[in-house]
Number of protein chains: 2
Amino acid sequence: MKNIYLIGSGKIGFNIAIALKNSNISILGIHSRNKESGNRLAHKVNSKYFEELIIPRKTDLIIICVPDDEIQNVAKKIKNSAVIHTAGCSDIALLKDCSNNYGVVWPIQTFLENKKANLKNVPICIEANNKIFQKKLQSLFSKISNNIMNINFKQRQIIHLSAVFSCNFSNYLYSISEEILSKENLDLSILKPLILETTNNVFKYKSKNNQTGPARRKDFGTIKKHLDLLSLKEKKEYLKIYNLITNNIIKIYES
Amino acid sequence: MKNIYLIGSGKIGFNIAIALKNSNISILGIHSRNKESGNRLAHKVNSKYFEELIIPRKTDLIIICVPDDEIQNVAKKIKNSAVIHTAGCSDIALLKDCSNNYGVVWPIQTFLENKKANLKNVPICIEANNKIFQKKLQSLFSKISNNIMNINFKQRQIIHLSAVFSCNFSNYLYSISEEILSKENLDLSILKPLILETTNNVFKYKSKNNQTGPARRKDFGTIKKHLDLLSLKEKKEYLKIYNLITNNIIKIYES
């Protein structure tokens, strides 16, 4: 699979293209609805931008890097010897009419706009509709990560869901902290040793044993003070989150 | 302030005693309601365990390391030239009848049972009822941390509240991920590069710009799949949290 064609130039397309290029795997062409980012990415990885979805005959593998709900639309328009998508929560069967060899390659990582991520240690989940193609995908993507895993759809969905809690939702909690602190002219960096210790602990011990804070020790006086502070702020969403998570933690350690 | 007397042998007492001892500051005595942990800690830091709350005459500083809602009870029983507590969310005025010099020393860190924390880079918040005593506390505690900060009560409460979101609540989210993954025989370590990248990003960029995931991109198909997966599980609390945070993120990026 030497001749790769990429569809999409968003964050995941950007990172996969760059990782492939950095592993000396050339990209035959890149199609994107977004002319500007498509052209820019093609330029960056010494590839060619295709304004129309035209797939060169010699293409060995198409990698679809479009939003989840557009995979099906794109799939309708393509036929090839091998096709994969890169979505954590989408079935590979979406691609069954495009090819005899279809699958998914999903890196468990959060990608920011125009920021290169290092994929070397990132687990990449692979699933394919047949063993031979699965092996080929393993072989290709082991060049960009040393952590290739065969993961079925059920597991992949569960990993995706757990990633939402651990990454997307914890980032949202950090943004609440950042906002609350900024009103007192304090910076989130004041919590850096605390946040780093929290994440360190979670890989050393069971997270249930790492739980600390007023809810864990049923310190209702402090909880009351926090609720009063949050009531003074304009956002009642934060109060709701505080109440919900606090009550859940209290319940866990009730016995 | 050479003769220090510590009240409490819980996680915070344990860590402050050890940090002081490691900085060659001796501890005159330790009182704790818990005979076993009190004795053990006194032994560990070459100090003396006091079963009764008897404060030696030559004591220069009493450090109260008891749960927040017991500070007042302890305060009623002591008189000394200088007294501090170590609670993030409690007023120093609780100590005003014990001494002419009172204050707080609060390290912004999460402490686990019987686990020594390195306090060297941990911000320690100091507040005192007078400037001279404040200087003395700065001087003493700068021996155990190189990040001593003068923080007033309002700010300290806000830092404490933000720490609950960023540490206690994010650890709770990790525990949800851990539980969900374990049902598919997967380990939380699969999310390690993701979680580390998430915390790295938060100190490099604004957390609002770091937000990724289905809620951020209004990917309602994926959100529906996640809700279906969570409905299959026995815990409706997780569904509530997913809905609440997802709706909040959608609202933030609506415009």
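Residues numbered from 1 in each chain as written. Chains lettered and ligands numbered in written order. Predicted model: local features only at pLDDT ≥ 70, side-chain atom pairs only at ≥ 80, totals over all residues. Heavy atoms only, no water.

**Describing the interface of chain A and chain B**
Phase 1: Counting residues at the interface gives 90 residues for chain A, matched by 90 residues for chain B.
Phase 2: In total, about 8,900 Å² of surface goes out of reach between chain A and chain B, with carbon and sulfur atoms giving 67% of it.
Phase 3: In this structure, the salt-bridge partner of Glu178(A) is Lys206(B), at a minimum N-O distance of 4.0 Å.
Phase 4: Run the count over chain A and chain B and you get 33 residue pairs in polar contact (both at pLDDT 80 or more).
Phase 5: When residues of the side of chain A that touches chain B are traced back to their parent elements, those giving at least two are α5 (153-182), α6 (192-204), α7 (220-232) and α8 (236-252) of chain A.
Phase 6: In terms of residue count, α5(A) provides more of the side of chain A that touches chain B than any other element does, 27 residues in total. (Contact = heavy atoms within 4.5 Å. Buried area = accessible area lost by both parts, 1.4 Å probe. Salt bridge = Lys/Arg side-chain N within 4 Å of Asp/Glu carboxyl O. Polar contact = N/O pair within 3.5 Å; in protein donor to acceptor, adjacent residues only side chain to side chain. Helix = DSSP H or I, 4+ residues; strand = E, 2+ residues; numbered from the N terminus.)

**Remarks on empty space enclosed by the protein**
Phase 1: Scanning the entire structure with this criterion turns up two cavities of 30 Å³ or more.
Phase 2: The space that makes up the second largest cavity amounts to roughly 40 Å³.
Phase 3: In terms of lining, the second largest cavity is formed by Val164(A), Asn168(A), Phe169(A), Thr212(B), Gly213(B), Pro214(B), Ala215(B), Arg216(B), Tyr242(B), Thr246(B) and Ile249(B).
Phase 4: Going through the elements one at a time, α5 of chain A together with α9 (236-252) of chain B are the ones with two or more residues in the lining of the second largest cavity. (1 Å grid on protein atoms, 1.4 Å probe; cavity = no way out; pocket = protein on both sides within 12 Å on 5 of 7 lines; lining within 4 Å. Points joined across faces, edges and corners; volume = space filled by probe spheres on them.)

**Some remarks on the relation of the copies chain A and chain B**
Phase 1: In screw terms, the move from chain A to chain B is a rotation of 180° and a rise of 0.0 Å along the axis, fitting with an RMSD of 0.0 Å. The superposition operator between the copies reduces to a two-fold rotation axis. Within chain A, Ser170(A) has its C-alpha nearest the rotation axis, a separation of 2.7 Å.
Phase 2: Take the interface residues of chain A: 100% of them recur as interface residues in chain B, which is what a same-surface contact looks like. (Least-squares fit on C-alpha atoms with pLDDT ≥ 70 in both.)

**A look at the pattern of salt bridges**
Phase 1: Across all of its chains, the model carries 26 salt bridges over all chains by this definition.
Phase 2: Where Glu51(A) meets Lys35(A), a salt bridge forms, and the shortest distance between an N and an O atom there is 3.3 Å. Residue Glu51(A) is located in the loop between β3 (49-50) and β4 (61-64), and its partner Lys35(A) is located in helix α2 (residues 35-44); the two are separated by 16 residues in the primary sequence.
Phase 3: Where salt bridges share partners, they join Asp68(A), Arg217(B) and Asp219(B) into one cluster.

**Observations concerning the sheet that holds strand β7 (residues 124-128) of chain B**
Residues and elements named next belong to chain B.
Phase 1: Spatial ordering of the open sheet is given by β3-β2-β1-β4-β5-β6-β7-β8, a layout of eight strands whose pairing is mixed. Each edge of the sheet is formed by a strand with only one pairing partner; in this case those strands are β3 (49-50) and β8 (148-150).
Phase 2: When strand β1 (residues 4-7) meets strand β4 (residues 61-64), the two strands line up parallel, connected through four bridges. Bridging across to β4, Leu-6 finds its partner in Ile-63. (Pairing = 2+ DSSP bridges.)

**Quick word on the packing of aromatic side chains**
Phase 1: A full pass over the atoms with the stated rule returns eight aromatic pairs over all chains.
Phase 2: Members of the aromatic cluster, connected to one another through ring pairs, are Phe165(A), Phe169(A) and Tyr242(B).
Phase 3: In this structure, Lys48(B) packs its charged tip against the face of Phe50(B), placed 4.6 Å from the ring centre. (Phe/Tyr/Trp six-rings, centres within 6.5 Å; stacked < 30°, edge-to-face > 60°. Lys NZ or Arg CZ within 6 Å of the ring centre and 35° of its normal.)

**Observations regarding the confidence of the model for chain A**
Phase 1: In the predicted model, chain A carries a mean pLDDT of 95, and the fraction of residues at 70 or more is 99%.
Phase 2: Interface scoring of the predicted complex returns ipTM 0.95; its pTM is 0.95. (pLDDT = per-residue confidence, 0-100.)

**A closer look at helix α5 (residues 153-182) of chain B**
Note that an α-helix has 3.6 residues per turn; residues three or four places apart therefore point the same way.
Residues and elements named next belong to chain B.
Phase 1: Over its 30 residues, α5 runs 42 Å from end to end, which matches the ideal 44 Å to within 8%, given 1.5 Å per residue.
Phase 2: Most of α5 sits inside the fold, with 27 of its 30 residues counted as buried.
Phase 3: Capping the start of α5 is the job of one residue whose side-chain oxygen sits 3.2 Å from the backbone nitrogen of Lys-154: Asn-152. (Expected span 1.5 Å × (residues − 1). Buried < 20%, exposed > 50% of the residue type's maximum accessible area, 1.4 Å probe, protein only.)

**A look at the pairing of strand β6 (residues 102-107) of chain A**
All names here are of chain A.
Phase 1: Burial of β6 is extensive: six of the six residues sit out of reach of the surface.
Phase 2: Bridge count for strand β5 (residues 83-85) against β6 is three bridges, and the pairing is parallel. The residue bridging His-85 from the neighbouring strand is Val-104, located in β6.
Phase 3: Looking at chain direction, β6 and strand β7 (residues 124-128) are connected through five bridges and run antiparallel.

**A short note on the side chain of Glu179(A)**
Phase 1: One can find Glu179(A) in helix α5.
Phase 2: Look at Glu179(A) and you get buried, because its relative accessible area is 14%.

**Examining the nonpolar core**
Phase 1: In terms of nonpolar packing, the biggest core is built from 109 residues, with Ile159(A), Phe165(A), Leu191(A), Ile159(B), Phe165(B) and Leu191(B) touching the most fellow members.
Phase 2: Contact partners of Leu191(B), with chain neighbours within four places excluded, come to Ile108(A), Ile159(A), Ser162(A), Ala163(A), Ser166(A), Ser177(B) and Leu181(B). (Core = buried A, V, L, I, M, F, W, Y, C linked by side-chain atoms within 4.5 Å.)

**Overview of the packing of α8(A) against α5(B)**
Phase 1: At their nearest, the axes of α8(A) and α5(B) sit 11 Å apart, and the two run at 50° to each other. Our classification of the angle between α8(A) and α5(B) gives oblique. Relative to α5(B), the crossing made by α8(A) is left-handed. Mapping the contact onto sequence places Tyr238(A), Ile241(A), Tyr242(A), Ile245(A), Thr246(A), Asn248(A), Ile249(A) and Ile252(A) in α8(A) and Leu161(B), Val164(B), Phe165(B), Asn168(B), Phe169(B) and Tyr172(B) in α5(B). (Axes fitted to C-alpha atoms, helices over the stretch in contact; angles between N-to-C directions. Parallel < 35°, antiparallel > 145°, perpendicular 65-115°, else oblique. Left-handed = near helix turned anticlockwise from the far one by under 90°.)

**Re the sheet that holds strand β8 (residues 148-150) of chain A**
Residues and elements named next belong to chain A.
Phase 1: Taken together, eight strands build an open sheet; the order of strands is β3-β2-β1-β4-β5-β6-β7-β8 and the sheet is mixed. Looking at which strands have only one partner, the edges of the open sheet turn out to be β3 and β8.
Phase 2: Across three bridges, β7 lies against β8 in parallel orientation. Paired with Ile-126 across the strands is Asn-150, a residue of β8.

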